[in-house]
Every structure is written in C-alpha cells, then in structure tokens.
Amino acid sequence: KSKSNRQLNSHLRKNIILFSLLTSSTPIRMNTLEKLLFITRPSIYHDLSELDIYCSRFDIKINRSKTRGIYLDAGEKRRRYCLVDLSYQLKSENIDDYAGYYSLYQFLQIIHSARYEHFLASFIKDIASTVGYSISRENSIRAVLFILVTVYRIKNNFNATLNLDILNKIANIHLYNEIKS
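Since this is a predicted model, take the numbers as computed values, not measurements.

## Considerations on the confidence of the model for the protein chain
Summarising the model, the protein chain shows a mean pLDDT of 84, and 83% of its residues fall at 70 or more. Low pLDDT, under 50, characterises residues 1–6; the stretch is placed with nine contacts to residues that sit more than four places away or in other chains.

Printed below as a string of structure tokens:
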C-alpha cells in the first residue's frame, strides 16, 4: 500500500522509523512519527519494541523520552553497520513503496543504482585477491554498501570517514569528486 492510501504495513513502517532514527542527528518526536506514518502511538510503540530487538544486534539502544523524543544511543560506527544491514535488506525491495518518504527514497535510489556498484565490487574483489582473501558475493555486496552508506553519511554531514587508503584508491573516480562537492 502506498502513503497516498495513508496506510503502511508494519514492515515498511519499521524500515522508515529505523532509517529515520539512524540518519537523524536530533531526537524524533512521537507526533512527528504519527504524522509521517499516519498511525497511532500504540502502533509506533509496537514497532519500536520490535526494532529494539533488531537494534540490539548492533549494540544500539532506542531511547524514548517524553521531553526529548526518540533517539538512538549509538556511535557512528554502530549506526553505520546497522544502516549497512538495513540497506542489504532493502536492496531486495521495491523502492517505489518508499516514494512518499523523500530521504529514504533518495537513499534507496543510491543503493539500488548500478552506477558505482560494478566498479566498487570489482575494486573490492581486486583488493581481496591481492591480499589472498576469497570474498563471498554477500560480503562483496555488504562491502559495496558500506562504502555507499559512508559516502551518503559524509555527503549529509554526519561524522563519518573513509579509511585514507581507500580514499587514495578511489580518488580518481567521480564518486570521490561527489564527496568533495
């Protein structure tokens, strides 16, 4: 169902909430989620309790405060790993289901784009081969997503960095130029 029908299934809602929390630098107010998702507080609390379980895999705690709002207790590294895992799951989904949620939709367009995926996957395979490491297809996809998530977070002014060796190796591609602009 689309946002225009003002109904979302629990799966889509949880993805939207989690993405919002992972990419927000400030707490999110409950009424903001109510308006965004067109649902009641009990539905949001139910979704948050399920997200608590998911986030615990990354040692992330979802805090709820009546005065501050909802926010994650997690550093950049844990947020990024969680966002990579979420991205991996979202790669198999129809991005049009999220068309009414601009920041998530924009992010999904990046991770669904083959624009850099082939180059980065080849780059990662070459590095793995150089050091004598065999990388699985899943781990290669996750490594590509890790770079794309990091670039996304840098472009959106989050406290994220890429290892200097990686930056030096990709300095001649358009992706690096986009990071700088």
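There's more to say after this.
## Digging into the side chain of Ser140
Mapped onto the elements, Ser140 comes out in helix H7 (residues 137–155). In contact with Ser140, other than residues within four places in its own chain, are Ala121, Ile124 and Ile135.

## A short note on the nonpolar core
Membership of the largest hydrophobic core comes to 41 residues, with the highest contact counts inside it found for Leu104 and Phe107. Breaking this core down by element, the ones donating at least two residues are helix H1 (10–23), helix H2 (30–37), helix H3 (41–56), strand E2 (69–73), helix H4 (76–90), helix H5 (102–112) and H7. Top contributing element to this core by residue count: H1, with seven residues. Ranked by size, the runner-up nonpolar core spans eight residues in total, among them Leu120, Phe123, Ile147 and Val151.

## A word on H4
Taking 1.5 Å as the rise per residue, H4 with 15 residues should run 21 Å; its terminal C-alpha atoms sit 20 Å apart, in good agreement. Buried within H4 are the following residues: Glu76, Arg79, Arg80, Cys82, Leu83, Val84, Asp85, Leu86, Ser87 and Leu90. Those residues of H4 that are buried are in contact with H1, H3, E2, H5 and H7.

## A short note on the pattern of salt bridges
Scanning all chains against the criterion turns up eleven salt bridges. In this structure, Lys14 engages Glu50 in a salt bridge whose closest nitrogen and oxygen atoms are separated by 2.3 Å. Linking Lys14 in helix H1 with Glu50 in helix H3, this pair joins segments that are 36 residues apart in sequence. Residues Arg153 and Glu76 are paired through a salt bridge, measuring 2.8 Å at the closest nitrogen-oxygen approach.

## Here's the deal with the packing of aromatic side chains
Tallied over the full model, the rule gives six aromatic pairs. Arranged with centres 6.3 Å apart and planes meeting at 50 degrees, the rings of Phe19 and Tyr152 form a pair that is tilted. Pair noted here: Phe19 is in helix H1 and Tyr152 is in helix H7, with a separation of 133 residues, a long-range link. Classification of Phe19 by relative accessible area gives buried; the value is 2%. Take Tyr152: its relative accessible area is 7%, and that puts it in the buried class. Ring geometry for Tyr54 and Phe58: centres 5.6 Å apart, planes at 55 degrees, overall tilted. A single burial state applies to Tyr54 and to Phe58, both of which are buried.

Rules used in this analysis
- Residues numbered from 1 in each chain as written.
- Predicted model: local features only at pLDDT ≥ 70, side-chain atom pairs only at ≥ 80, totals over all residues.
- Heavy atoms only, no water.
- pLDDT = per-residue confidence, 0-100.
- Contact = heavy atoms within 4.5 Å.
- Helix = DSSP H or I, 4+ residues; strand = E, 2+ residues; numbered from the N terminus.
- Core = buried A, V, L, I, M, F, W, Y, C linked by side-chain atoms within 4.5 Å.
- Buried < 20%, exposed > 50% of the residue type's maximum accessible area, 1.4 Å probe, protein only.
- Expected span 1.5 Å × (residues − 1).
- Salt bridge = Lys/Arg side-chain N within 4 Å of Asp/Glu carboxyl O.
- Phe/Tyr/Trp six-rings, centres within 6.5 Å; stacked < 30°, edge-to-face > 60°.

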